[in-house]
Amino acid sequence: MTGRSRWPVVAVICLVFVTAFAGWYDSTAANGTFVYALDDAYIHLTIGRTLAEHGIWGVSPREFSSASSSPLWTILLALWCRIFGASDLAPLALNVLFACLLVAVADSLLCDSWDGYAGRPWRRFAFLCALMFAIPAPALILSGMEHLLHALLAVLFILKAAEFLWPGPDSSKPSEGFLTLSAIAALTVATRYESMALVAPVFLVLAWRRKWNFAVPLVLASLLPVVLFGIYSIVNRMPFVPASILVKTVGLAQGLPSWLLYTPLVKAAMRILVCPPLLVMMALGVYTLIRARREGTNESFRFAGAAGMFALSSLIHAEFVGVGWFYRYEAYLIAVGMTTALPAFVNDVVVHASQRDDRRKFHSIVFSALVCVLFWPFVTRAALSLVDTPRAYRNIGDQQVQLARFLAAKGTGKTVALNDIGAVAYYSDTPILDLFGLASPEVYRVRIRHEYSTESIERLARRAGAETAILTPDWYKVFGGIPASWTQVATWKIENNIICGSDTVAFYAIEPSAREDLERRLKEFGPSLPSDVTAAFPGNHAK
């Protein structure tokens with residue numbers, strides 16, 4: 001950053017720390033202890049702790065389970081546990097670090113490639129703030145998940161790929177930077193498997209140019225973490241692809257019409273339409289790519305090429321992965337789009353406006369109005385995330401963390417059937433039967449074979465020796481409902497739910513003999529529940 005003003009980067013990094021501290025403080029004040037906005041964060045924490053302490057990749061040290069689809073994130077948490085000891089603040093600290101690195105890396109790369117960016121500190125500050133809040137970094141920091149690491153690596157990969165594909169005049173060798181690009185590709189895919197959507201456009205450009213000596217090694221490097229973890233999983237009698245991906249795919253497909261599942265690009269179009277920021281940047285990427293085809297130099301085409309690759313990556317991602325679920329699935333694409341499509345569009349408009357001096361004022365007015373219109377979806381996304389995040393970590397604190405507290409304080413040491421396992425697995429030693437299928441291989445196999453039903457649920461619970469179950473009843477309706485022989489003893493209902501599978505969890509006695517004891521333990525624990533959790537004891541059988 002020699003010769004450039006440092007204050008925009010320093011100011012935004014300070015803003016990251018301030019928002020992270022504010023989130024930590026508010027979450028702690030609301031819940032009595034710090035709580036993440038997603039229960040999945042505790043699954044990764046549990047696997048990382050189990051791996052560090054027992055050498056087993058799983059929620060329990062008793063068996064392997066591929067409940068994580070982010071091997072690199074899990075390994076980082078395990079390393080943290082080995083070096084600093086187990087701590088539920090590890091994801092928070094790592095996310096703050098990666099958010100700061102994303103700010104610094106994005107600024108450095110754009111200073112080198114975006115005309116007029118480096119010399120205007122206030123523009124840099126405004127852009128970096130927009131980048132942080134549009135992703136949105138505050139929500140992702142407090143989610144406790146791997147998505148900021150993913151965004152950082154994705155931005156590095158796509159901009160390095162653009163440099164490699166369209167090198168400048170000072171580039172000496174065609175292969176310069178390829179090893180670095182391949183290493184970044186492997187790390188990005190190891191963070192989240194859908195990163196192959198970023199690799200695909202780069203491969204297609206190389207294949208179009210018939211540069212197979214680069215195209216094939218790049219794909220092999222990208223697939224390396226997938227293959228290594230797949231072999232590790234097969235050795236432990238689990239599928240090649242993580243159970244967390246396969247089980248969620250089965251759940252998403254449940255009840256959808258076949259024309260939606262199998263017609264190409266229909267799912268992609270529907271998903272992109274519900275994420276306006278992604279739609280806007282894809283349109284900008286395609287626009288700048290078409291305009292740049294008229295230019296003849298690699299330098300002029302680099303940004304537009306990166307924007308075009310982003311647009312294609314977004315389409316592939318939307319078709320096979322989806323968007324949403326607390327802003328996180330598309331977060332890396334938002335980061336990539338804002339560092340490729342947006343600068344490419346601004347450069348194109350500025351260049352063409354400067355060529356018409358007689359209408360420069362008119363172009364400035366039109367450009368300013370266009371920026372306001374196009375940027376509105378990003379403002380909306382940022383504002384909603386700031387509203388949703390406090391509600392989300394209150395939801396998790398009121399439901400999942402309270403379940404963990406109950407089982408830690410009043411558990412019997414016998415197996416409990418659950419469908420949300422994160423906080424319970426991390427904060428209590430209760431043996432778990434995961435009826436969602438992430439951490440219990442026997443449940444996973446039933447779900448993948450499409451044999452999941454009321455009868456199979458009852459059979460799995462009895463085979464596991466579970467006497468009680470804590471479930472969200474609504475989730476089981478599509479499979480036939482909760483077994484009629486199970487007795488519903490109580491329910492807990494939270495307020496203003498936006499993140500939990502349901503606002504109500506129900507406690508069931510699987511064995512009739514367990515009913516009175518479960519009801520007694522729940523009533524003893526009841527006074528310690530937060531005021532916005534309503535406990536009820538209907539005493540009726542599940543329907």
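Residues numbered from 1 in each chain as written. Predicted model: local features only at pLDDT ≥ 70, side-chain atom pairs only at ≥ 80, totals over all residues. Heavy atoms only, no water.

Student: What is the right way to read the overall build of the chain from this model?
Tutor: Counting secondary structure elements, the chain contains 22 helices and six strands. By sequence separation, contacts in the chain at least 24 residues apart represent 73% of the contacts at least 6 residues apart. In the form shown here, the chain has an accessible surface area of approximately 23500 Å², with 62% of it arising from carbon and sulfur atoms. (Helix = DSSP H or I, 4+ residues; strand = E, 2+ residues; numbered from the N terminus. Contact = heavy atoms within 4.5 Å. Areas by Shrake-Rupley, 256 points an atom, 1.4 Å probe, with all protein chains shown as cover.)

Student: What is the right way to read helix H13 (residues 266-273) from this model?
Tutor: One turn of an α-helix holds 3.6 residues; hence residues three or four places apart share an orientation. Among the residues of H13, those classed as buried are Lys-267, Ala-268 and Ile-272. Taken around the axis of H13, the buried residues stretch over an arc of 125 degrees, which confines them to a single face. (Buried < 20%, exposed > 50% of the residue type's maximum accessible area, 1.4 Å probe, protein only. Arc of directions from axis to C-beta.)

Student: Sorry if this is basic, but what is going on with the packing of aromatic side chains here?
Tutor: Given two aromatic rings, their pairing is described by the distance between the two centres and the angle made by the two planes. Applying the stated criterion to the full structure yields 34 aromatic pairs. Arranged with centres 5.1 Å apart and planes meeting at 90 degrees, the rings of Phe-164 and Phe-214 form a pair that is edge-to-face. Separated by 50 residues along the polypeptide, Phe-164 in helix H7 (residues 147-165) and Phe-214 in helix H10 (residues 212-235) bring together distant segments of the chain. The two residues Phe-164 and Phe-214 agree in class, both being buried. Among the aromatic residues, ring-to-ring pairing joins Phe-34, Tyr-36, Tyr-42, Tyr-426 and Tyr-427 into one connected group. Seen from the ring of Tyr-452, Arg-447 lies directly overhead, with NZ or CZ sitting 5.5 Å from the centre. The ring of Phe-537 carries the charged tip of Lys-523 above its face, separated from the ring centre by 5.2 Å. (Phe/Tyr/Trp six-rings, centres within 6.5 Å; stacked < 30°, edge-to-face > 60°. Lys NZ or Arg CZ within 6 Å of the ring centre and 35° of its normal.)

Student: Help me out: how do you make sense of a nonpolar patch on the surface in this one?
Tutor: Residues Leu-223, Val-227, Ile-231, Ile-234, Val-235 and Phe-240 make up a contiguous nonpolar surface patch of roughly 490 Å² in combined accessible area. One can find Leu-223 in helix H10. (Patch = residues over 30% accessible without salt bridge, like charges linked within 9 Å, V, L, I, M, F, W, Y side chains within 5 Å. Salt bridge = Lys/Arg side-chain N within 4 Å of Asp/Glu carboxyl O.)

Student: Is there a simple way to explain the environment of Val-489 in this structure?
Tutor: Counting through the fold element by element, Val-489 comes out in strand E4 (residues 487-494). Taking the relative accessible area as the measure of exposure, Val-489 reaches 1% and is therefore buried.

Student: Hey, could you run me through H7 in this one?
Tutor: Helix length check: H7 (19 residues) gives 26 Å between terminal C-alpha atoms against 27 Å at 1.5 Å per residue, within 8%. Counting buried positions over the 19 residues of H7 gives 16, a clear majority of the element. (Expected span 1.5 Å × (residues − 1).)

Student: Mind showing me how you'd approach the nonpolar core here?
Tutor: A general trend in soluble globular proteins is that nonpolar side chains are found buried together. Counting 154 residues, the largest nonpolar core has Met-132, Phe-157, Leu-218, Met-338, Trp-492 and Phe-507 as the members making the most contacts within it. The leading source of residues in this core is H7, at 14 residues. When neighbours within four sequence positions are excluded, Phe-157 is seen to be in contact with Leu-181, Ile-184, Ala-185, Thr-188, Leu-198, Val-199, Val-202 and Leu-218. Membership of the second largest hydrophobic core comes to 19 residues, among which are Ala-417, Leu-460, Leu-471 and Ile-510. (Core = buried A, V, L, I, M, F, W, Y, C linked by side-chain atoms within 4.5 Å.)

Student: Would you explain the pattern of salt bridges in this entry?
Tutor: Close approach of charged atoms lets side chains of opposite charge pair. By the definition in use, this model includes 18 salt bridges. A salt bridge links Lys-410 to Glu-524, with the nearest nitrogen and oxygen atoms 3.1 Å apart. In this pair, Lys-410 is assigned in helix H18 (residues 400-410) and Glu-524 in helix H22 (residues 515-525), connecting sequence segments 114 residues apart. Residue Lys-410 is classed as partly exposed on the basis of its relative accessible area, which comes to 26%. With relative accessibility at 40%, the residue Glu-524 sits in the partly exposed group.

Student: Can you help me understand the pairing of E4 in this one?
Tutor: Within a regular strand, side chains alternate between the sheet's two faces. Within E4, seven of the eight residues are buried, which leaves it mostly tucked inside the rest of the structure. Across six bridges, the pairing between E4 and strand E5 (residues 504-509) is antiparallel. Across the sheet, Thr-487 pairs through a bridge with Ala-509, a residue of E5. The sheet contact formed by E4 and strand E6 (residues 533-536) spans four bridges and is antiparallel. Across the sheet, Trp-492 pairs through a bridge with Ala-535, a residue of E6. (Pairing = 2+ DSSP bridges.)

Student: Help me out: how do you make sense of empty space enclosed by the protein in this one?
Tutor: Left-over empty space is what a probe sized like a water molecule reveals as it rolls over the atoms. In total, this model carries three cavities of 30 Å³ or more according to the counting rule given. The volume enclosed by the largest cavity comes to roughly 60 Å³. If you trace the largest cavity, you find it lined by Leu-45, Arg-49, Leu-77, Trp-80, Cys-81, Gly-85, Ala-86, Ser-87, Ala-90 and Tyr-426. Elements represented by at least two residues in the lining of the largest cavity include exactly helix H2 (40-54) and helix H3 (71-84). Broken down by class, the residue content of the lining of the largest cavity amounts to seven nonpolar, two polar and one charged. (1 Å grid on protein atoms, 1.4 Å probe; cavity = no way out; pocket = protein on both sides within 12 Å on 5 of 7 lines; lining within 4 Å. Points joined across faces, edges and corners; volume = space filled by probe spheres on them. Nonpolar A, V, L, I, M, F, W, Y, C, P; charged D, E, K, R; others polar.)

Student: What am I meant to see in the packing of H3 against helix H4 (residues 90-113) here?
Tutor: Helix packing geometry: the angle between the two helix axes and the distance between the axes. Look at H3 against H4: their axes get within 10 Å of each other, and the N-to-C directions meet at 115 degrees. Crossing of H3 against H4: the hand is right-handed. Across from Trp-73, Leu-76, Leu-77 and Trp-80 in H3, the residues of H4 making contact are Ala-90, Pro-91, Ala-93, Leu-94, Asn-95 and Phe-98. Across the contact of H3 with H4, the residue classes break down as nine nonpolar, one polar and no charged. (Axes fitted to C-alpha atoms, helices over the stretch in contact; angles between N-to-C directions. Left-handed = near helix turned anticlockwise from the far one by under 90°.)

Student: Explanation requested: the side chain of Thr-454 in the structure shown.
Tutor: Relative to the helices and strands, Thr-454 is located in helix H21 (residues 454-463). Looking at Thr-454, the relative accessible area reads 13%, which means it is buried. The contacts of Thr-454, once residues within four sequence positions are left out, are Phe-479, Gly-480, Gly-481, Ile-482 and Pro-483.

Student: Any chance you could explain unusual backbone geometry here in plain terms?
Tutor: In most cases, non-glycine residues show a negative phi, while peptide bonds are predominantly trans. Omega for the bond connecting Ile-135 with Pro-136 falls within 30 degrees of zero, at 0 degrees, which places this linkage in the cis form. Within the secondary structure layout, Pro-136 lies in the loop between helix H5 (121-134) and helix H6 (137-143). The phi dihedral of Arg-237 falls on the positive side, at around 60 degrees, and the residue is not glycine. With relative accessibility at 72%, the residue Arg-237 sits in the exposed group. Of note, the phi angle at His-450 is positive, near 60 degrees, even though the residue is not glycine. With respect to the helices and strands, the residue His-450 is situated in the loop between helix H20 (441-448) and H21. Residue His-450 is classed as exposed on the basis of its relative accessible area of 62%.

These figures capture arrangement, not role.
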